[in-house]
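Observations on the model geometry
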Amino acid sequence: MRTIDWVDGAVEIIDQTVLPGELRVLRLHTVGELIAAIQSLAVRGAPALGVAGAFGVALAARVHADDPGALDNAVRRIETARPTAVNLARGAQRAAALLPLGPDAVLAGACAIRDEEIAASESMASRGADLVVELCGDRPRLLTHCNTGGLCTVTVGTALGVVGELHRRGGLAGVIASETRPLLQGARLTSWELSRWGVEHRVAVDSAGPFLMARGEVDAVILGADRICADGDVINKIGTYSHALGARRAGIPFIVVAPESTVDLATPTGAHVEIEDRGAAEVTAWSDAVNPAFDVTPHDLVTAIVTDRRVIRIDRGEKP
Ligand code: MRU
């Protein structure tokens, strides 16, 4: 099953806002519908956002073929629908570069981005599983954060793809999914995907992660990224930094799995990245709240970054 695809002239996505209660497919026919789906997190996760951005431009190219002003405006709205994951603007810009060749070329370019993400997932799964075994032995107990499965890519996933691969190899002694407040991508989505794959797991509240590591119940933290900066700083779901601190304190590896499409060498450090603020309403109805959706994990807390082409050993001074 693909999280996102182009089917009969529209973008089809799995609506991630209603999982795990309901498996609903949405058909998006307009740029407005696509942007609404991105902003409500019906489609989410950095690689899937890159594909969504490219398909959004393909939709715009069909509707506004004779109106360059409207087309430019649509591309800008897609690129900026969410600020933090580099993939969204990058996917939209790659597709937009094909606009002079016509709508069919734009759609072909968008499908190529989808296919690249599928191939990248497969490559990360085996590369990442090899690294986990190298660092932790062949029966690791892993902790993951947010959702990094097929739902956030197109199929397979990033960090969760590695978890799935270790499970297939019979080399997984346990998985803890931290729930990922406030929208519960871990408790709702990661748990749903692991159950479908037949991977036994437990959900922990986010604040329990560092304590479980300190108690010796986790051999490595493995998670994804929305943007990887030139110095190796990792932007990912809020809560990631706490897990990195917990891992460092416990002396266990902190492994980031993300495709090359998430590596952003034009951004020098995490301090240069706009962190999405999703507003108070998602957190509480009782009082005012601050709700940053992502955080920055300094590169000196990262052991390794696994992409579809490289293992970058940040702990040995290597850079993206
Ligand atoms: O707000 P979301 O759900 O889009 O955030 C997603 C994450 O933070 C994922 O961990 C990230 O995109 C990595 S998946 C490769």
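What counts, and where the lines are drawn
- Residues numbered from 1 in each chain as written.
- Predicted model: local features only at pLDDT ≥ 70, side-chain atom pairs only at ≥ 80, totals over all residues.
- Heavy atoms only, no water.
- Axes fitted to C-alpha atoms, helices over the stretch in contact; angles between N-to-C directions.
- Helix = DSSP H or I, 4+ residues; strand = E, 2+ residues; numbered from the N terminus.
- Parallel < 35°, antiparallel > 145°, perpendicular 65-115°, else oblique.
- Contact = heavy atoms within 4.5 Å.
- Phe/Tyr/Trp six-rings, centres within 6.5 Å; stacked < 30°, edge-to-face > 60°.
- Lys NZ or Arg CZ within 6 Å of the ring centre and 35° of its normal.
- Pairing = 2+ DSSP bridges.
- Domains from an automatic or database assignment.
- Buried area = accessible area lost by both parts, 1.4 Å probe.
- Salt bridge = Lys/Arg side-chain N within 4 Å of Asp/Glu carboxyl O.
- Polar contact = N/O pair within 3.5 Å; in protein donor to acceptor, adjacent residues only side chain to side chain.

Named according to an unreviewed UniProt entry, the protein is Methylthioribose-1-phosphate isomerase originating from Actinoplanes regularis.

Helix H3 (residues 68-79) packs onto helix H1 (residues 31-39) with a crossing angle of 10 degrees between their chain directions and a minimal axis gap of 10 Å. In terms of orientation, H1 and H3 fall into the roughly parallel class. Contacts from Val-31, Gly-32 and Ile-35 in H1 reach Ala-74, Arg-77 and Ile-78 in H3.

Further remarks concern the packing of aromatic side chains. Summed over the entire model, instances satisfying the criterion amount to one aromatic pair. Measuring from centroid to centroid gives 5.8 Å for Trp-6 and Phe-55, while their planes differ by 45 degrees, and the two rings are tilted. Of this pair, Trp-6 sits in strand E1 (residues 4-7) while Phe-55 sits in helix H2 (residues 46-63), placing them 49 residues apart in sequence. Directly above the ring of Phe-294 sits Lys-237, whose terminal nitrogen or CZ lies 4.3 Å from the centroid.

Let us now look at the sheet that holds strand E8 (residues 227-229). In space, the four strands of this open sheet follow the order E11-E8-E9-E12, with mixed pairing throughout. Single-partner strands in this sheet number two, and they are strand E11 (263-264) and strand E12 (294-297). Here strand E9 (residues 234-237) pairs with E12 via four bridges, running antiparallel. Bridge pairing in E12 links Val-234 to Thr-297. The strands touched by helix H9 (residues 240-250) are E9 and E12; relative to E12, the strand with the most contacts, the crossing angle is about 30 degrees.

Below, the discussion takes up the domain arrangement of the protein. In terms of domains, the protein is made up of domain 1 (4-116) and domain 2 (125-316). Taken together, the 24 residues of domain 1 in the interface contact 29 residues of domain 2. The contact between domain 1 and domain 2 buries some 2100 Å² in all, and 54% of this surface belongs to carbon and sulfur atoms. At the boundary of domain 1 with domain 2, the tally comes to two salt bridges. Asp-264 serves as the salt-bridge partner of Arg-90, at 4.0 Å between the closest nitrogen and oxygen. Inspection of the region where domain 1 meets domain 2 yields 16 residue pairs in polar contact (both at pLDDT 80 or more). Of all the secondary-structure elements, those providing two or more residues to the side of domain 1 that touches domain 2 are H2 and helix H4 (86-96).

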